[in-house]
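Fold and geometry: a report
Below, each chain spelled out in residue letters.
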Amino acid sequence: MRVGAFSGAAKTRAAKLWLAKKRAVEAGTFASLTNYFHHRGHRETEGNAAKLVSSEDMKAQKTRVRFAPSPTGLLHVGNARTALYNWLFARHTGGDFLLRIEDTDLDRSEARHETQLMEDLRWLGLEWDEGPGVEGPHAPYRQSERLAIYREYTEQLLQESKAYRCFCTNEELEAERAKAVAEHRAQAYSGKCRSIDAERSAERAALGEPFAVRLRIPDHPLRFHDMVRGEVEFASDVVSDPILVRSGSGKTGGVPVYNYVVTVDDALMEITHVIRGDDHLSNTPKQVAIYQAFGWKTPEFAHLSMILGSDRERLSKRHGATSIASFREMGILPEALVNYLALLGWGAEGGTRETFSQEELTREFKLERVTASPAVFDWAKLHWLNRHYLKQAEPARLTELAWAYFEKAGWLPASDGSSAEIEAWFEMVIVLFLPALDQLDQLPEKAKFIFKFDAEAARADEENATLLATESAQKVLEAFAERVGSAASGSVTPEQFKAWMNEIKAETGAKGKELFHPVRIALTGAHSGPEFDKLIPVIETGSGLDLPVHVLSLRERVEQFLRA
RNA sequence: GGCGCCAUGGUGUAAUUGGUUAACACGCCGCCCUCUCAAGGCGGAGAGUUCGGGUUCGAUCCCCGAUGGCGCUACCA
């Protein structure tokens, strides 16, 4: 099924669903999540290091996690795995999984990427409880639509003098950085603008001098707890006062940056566990400082290691296809990909099982068992899992998935203009080649000889020519041609075929490869391929079908081959 | 340069969180099945846990250091 933009009906249904869920929650033990969160948030005094959510809190509180991609490109395996782990954690703990679009990079964010992203998530079976298309109590879920909210919080920080306006120019900052490197120091902002007094600062701003807003990093170490790495600590002097809001009067001027909005949103959306890629680990102290500035309690973190290519470099386009969309196009089944991604950085207790359905994963998945070390992406294992699920899949489903490849090749009619006979036959084709497939898009190449039999090429092949050069091969071919010539085109059954081969065996004395290879080459163009028992019906039935290309019957094949 | 994270066969993960002949899967190799190619069944090779110290009766596991890889060090996310 194709998942497109949401229809109005779907949207309404989703909203109703959410409402119903909300009522159920409110009626139950989690009576007032919002109040609870508020208490929690203000309980902690400024300057305190991040505290673990105690086990009591954990019990009382429903877990809430989010996947927060930026729509700047296609969803790739790394992010998909992050989404999956978030989803699994939410489902395992009975919590909520939210989708939030981080589109504060106005230059690179595109709506079509957002649409594609949601389609990919759905394809993987990762439905979100709140987010675009579903909505929820914390809407909007697109950061570009939350700018007014951030502005309010920035104002508060400025007023409390926890943040300050920075009037430094790019040149000044670059000079600072160069100096820091020369002196073997961390490249942290000097804090030059920290000391500008509030009145003067407001004045300069009013005069139209461009400024960014920076957070004042406190001078105590910034600590947080990470569920896969344990306690992590950063000294405050290596953490630069982070930019909260961009300067300038252009399109991006006044737009807050990632580190800031991610924190504000995670807090406002009551995220309890921030599960994300390793590349954010070094950003976390800045975010912790933001939580502290607001007096909000820090959530639990879980930083997932990177996925690497076979050269141990961060997986990228250089390593070939890595987008979820491309996997789908190749004919990797979503359950195979989900299973594979789950295994990339996580192992079930005991570690002896490899195949898990999404339900089984949900049951067994524990964040504590996620590995901290990076994992190398391995096509061979993905293919193994895909073959596994391909064999499990309903043939009808595969027929539907594979149809497009053949339609595109011009070998099958458009699926809506097809007949039940053709569909049934195509299913036979798929079953025939299934054991030899890593991914569905390999099917046309494997099945090519059925639709496009090339007698000349078969003859021309060197290996074939050698096999056919013997006297025995000639005799076998003649004997076979004689028999197939006497039968009606398209009428040969596997039984008939078997009987003929036995006769030819007796008649010519050829056996084994000697007997079968010439026939196989004449019929398929290659000396290896699927079993004749299954192949014969495919060819003969196919020859009687009304397809865009005529499938040659056994008889026609032999005739063409002898003429070639 | 600074800071952080990571380190078990080729690859992904296990190992009652100090006591194992270091396990499973993928891949590889071989055998069986078979006209062939796959699939399937059976078996095999492949790590002494990056290196060096320490703690301990005993370290894959705890501590320190080194090395290597990766990440961050952006008014990207």
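Now for a quick tour of the structure.

Our focus in this paragraph is the side chain of Glu130. Along the polypeptide, Glu130 turns up in the loop between helix 5 (111-123) and helix 6 (147-159). One polar contact links Glu130 to Tyr141, side chain to side chain, over a distance of 2.7 Å.

Burial analysis of strand 9 (residues 300-304) places five of its five residues in the buried class, which makes it a mostly covered element. The two faces of strand 9 match: Glu300, Ala302 and Leu304 on one face and Phe301 and His303 on the other face are all buried. Sheet topology places strand 8 (residues 273-277) next to strand 9; five bridges connect them, and they run parallel. Bridge pairing in strand 9 places His273 opposite Glu300.

Close to RNA strand B lie 64 residues; Asp105, Arg229, Arg246, Ser247 and Gly350 are nearest. In the model, a sugar or linking oxygen of RNA strand B is placed 3.0 Å from a nitrogen or oxygen of the Thr352 main chain. Secondary-structure elements contributing two or more residues to the surface near RNA strand B are helix 7 (170-182), strand 11 (375-376), helix 14 (379-392) and helix 22 (513-524). It is helix 14 that contributes the most residues to the surface near RNA strand B, five residues altogether. Taken together, the residues of the surface near RNA strand B break down into 23 nonpolar, 20 polar and 21 charged.

A separate point is the packing of helix 15 (residues 395-409) against helix 17 (residues 443-451). Each packed pair of helices is defined by two parameters, the angle between the axes and the distance between the axes. Across the interface, helix 15 lies against helix 17 with an axial gap of 11 Å and an inter-helix angle of 60°. Classed by the angle they form, the pair helix 15 and helix 17 counts as oblique. Read as a crossing pair, helix 15 and helix 17 show a hand that is right-handed. Facing Ala402, Tyr405 and Phe406 of helix 15, the residues of helix 17 in contact are Leu443, Pro444, Ala447 and Phe451. Class assignment for the residues of the contact of helix 15 with helix 17 results in seven nonpolar, no polar and no charged.

Here we come to the packing of aromatic side chains. What the rule picks out here adds up to 24 aromatic pairs. Ring geometry for Phe480 versus Phe497: centroids 5.8 Å apart, planes at 75°, classification edge-to-face. Of this pair, Phe480 sits in helix 20 (residues 471-486) while Phe497 sits in helix 21 (residues 494-508), and the two are 17 residues apart along the sequence. Overall, the relative accessible area of 3% leaves Phe497 in the buried class. Through a chain of ring-to-ring contacts, the aromatic side chains of Trp403, Phe406, Trp411, Trp425, Phe426 and Phe451 assemble into a single cluster. Across the ring face of Phe211, the terminal group of Arg165 is positioned such that the distance to the ring centre comes to 5.3 Å. Its end group placed over the ring of Trp123, Arg328 keeps NZ or CZ at 5.6 Å from the ring centre.

Mapped onto the elements of the fold, Asn339 is located in helix 12 (residues 334-343). A relative accessible area of 0% means that Asn339 is categorised as buried. Looking at Asn339, its side chain comes within polar contact range of the main-chain oxygen of Glu354, at 3.0 Å. With sequence-adjacent residues up to four places away left out, Asn339 is seen in contact with Glu354, Thr355, Phe356, Leu385 and Tyr389.

What follows is about the environment of Trp411. On the secondary structure map, Trp411 appears in the loop between helix 15 and helix 16 (420-433). Of the residues examined, Trp411 reaches a relative accessible area of 8% and is grouped as buried. The residues contacting Trp411, other than those within four sequence positions of it, are Phe406, Pro444, Lys448, Phe451, Lys452, Leu547, Pro548 and Val549.

Moving on to the packing of helix 22 against helix 24 (residues 554-563). It is at 8 Å that the axes of helix 22 and helix 24 come closest, and there the two elements cross at 100°. In terms of axis orientation, helix 22 runs roughly perpendicular to helix 24. On helix 24, the residues touching Ile521, Ala522 and Leu523 of helix 22 are Leu554, Arg557, Val558 and Phe561. Looking at the contact of helix 22 with helix 24, its residues break down into six nonpolar, no polar and one charged.

With 105 residues, the main nonpolar core has Trp425, Ile450, Phe451 and Phe480 as its most contacted residues. With nine residues, helix 4 (residues 77-93) is the single largest residue contributor to this core. Once residues lying within four places of it in the same chain are set aside, the contact partners of Phe480 are Phe497, Trp500, Met501, Ile504, Val519, Leu523 and Val558. Within the second largest apolar cluster, 34 residues are counted, among which are Leu244, Ala289, Phe294 and Trp296.

Across the sheet, three strands lie side by side as 3-4-7; this open sheet has antiparallel pairing. Strands with a single pairing partner mark the edges of an open sheet, and in this sheet they are strand 3 (163-166) and strand 7 (243-245). The sheet shows a mean angle of 40° between the axes of neighbouring strands, taken without regard to direction. Packed on one face of the sheet, helix 6 meets strand 3, strand 4 (212-215) and strand 7 and runs near 95° to strand 3.

Here we take up the pairing of strand 8. By the criterion of burial, strand 8 is predominantly enclosed, with five of the five residues buried. For the crossover from strand 8 across helix 10 (residues 284-294) to strand 9, the handedness is right-handed.

On to the pattern of salt bridges. Counted under the stated rule, the structure contains 38 salt bridges. Glu130 is the salt-bridge partner of Arg64, the closest N and O atoms lying 2.9 Å from each other. One end of the pair, Arg64, is in strand 1 (residues 64-67); the other, Glu130, is in the loop between helix 5 and helix 6, and 66 residues separate them in sequence. Exposure remark for Arg64: the relative accessible area of 4% places this residue in the buried category.

As a further point, take unusual backbone geometry. Of the consecutive residues Ala139 and Pro140, the connecting peptide bond is found in the cis state with omega at 0°. For Pro140, the location among the structural elements is in the loop between helix 5 and helix 6. The residue His184 is not glycine, and still its phi comes out positive at about 60°. With respect to the helices and strands, the residue His184 is situated in the loop between helix 7 and helix 8 (198-206).

Moving on, we come to helix 24. Structural remark: α-helix, 3.6 residues per turn; residues separated by three or four positions point the same way. Of the residues making up helix 24, those classed as buried are Leu554, Arg557, Val558 and Phe561. For helix 24, the angular spread of the buried residues around the axis is 95°, confining them to a single face. Structurally, helix 24 contributes buried residues whose contacts are with helix 17, helix 18 (455-460), helix 19 (462-468), helix 20, helix 22 and helix 23 (532-543).

The rules we used
- Residue numbers here run from 1 along each chain, matching the order of that chain's written sequence.
- Chain letters start at A and ligand numbers start at 1, both assigned in the order the entries are written.
- Residues qualify for local features only when their pLDDT is at least 70, as the model is predicted, and side-chain atom pairs are given and counted only at 80 or more; totals for whole chains, interfaces and linings, by contrast, use all residues.
- Water and hydrogen atoms play no part in the side-chain values, which are based on all heavy atoms of the structure.
- Helix numbering and strand numbering both begin at the N terminus, where a helix is a DSSP run of H or I of at least 4 residues and a strand a DSSP run of E of at least 2.
- Nitrogen and oxygen atoms within 3.5 Å of one another constitute a polar contact, given that in protein one can donate a hydrogen and the other can accept it, and given that sequence-neighbouring residues count only through two side-chain atoms.
- Each residue's exposure class comes from its accessible area (1.4 Å probe, protein chains only) as a fraction of the maximum for that residue type: buried when under 20%, exposed when over 50%, partly exposed otherwise.
- Strand pairing follows a simple DSSP-based rule, namely that at least 2 bridges must link the two strands.
- Here a residue is near a molecule or strand as soon as one of its heavy atoms is found within 4 Å of it.
- The nonpolar class holds Ala, Val, Leu, Ile, Met, Phe, Trp, Tyr, Cys and Pro. Asp, Glu, Lys and Arg form the charged class, and all remaining residues, Gly among them, are polar.
- For every element, the axis is a line fit to its C-alpha atoms; helices are fit only across the contacting stretch, and the angle between N-to-C directions ranges from 0 to 180 degrees.
- When describing relative orientation, an angle under 35 degrees is termed roughly parallel and one over 145 degrees roughly antiparallel, while 65 to 115 degrees is termed roughly perpendicular and anything else oblique.
- Should the near helix be turned anticlockwise from the far one by less than a right angle, the crossing is left-handed, and should it be turned clockwise, the crossing is right-handed.
- Residue contacts are counted whenever heavy atoms from the two residues lie within 4.5 Å of one another.
- Ring pairs are drawn from Phe, Tyr and Trp, using the six-membered ring of Trp, whenever the two centres fall within 6.5 Å, and their geometry is named by plane angle: stacked under 30 degrees, edge-to-face over 60, tilted for the rest.
- In this scheme, the term charge over a ring applies when either NZ of a lysine or CZ of an arginine sits within 6 Å of the ring centre and within 35 degrees of the ring normal.
- Nonpolar cores were defined as sets of buried Ala, Val, Leu, Ile, Met, Phe, Trp, Tyr and Cys residues, with membership established by side-chain atoms within 4.5 Å.
- Clockwise travel from the first strand over the helix to the second, with the strands pointing away from the viewer, marks a crossover as right-handed.
- One speaks of a salt bridge when a side-chain nitrogen belonging to Lys or Arg is within 4 Å of a carboxyl oxygen belonging to Asp or Glu.
- What the arc describes is the spread of directions from the helix axis to the C-beta atoms.

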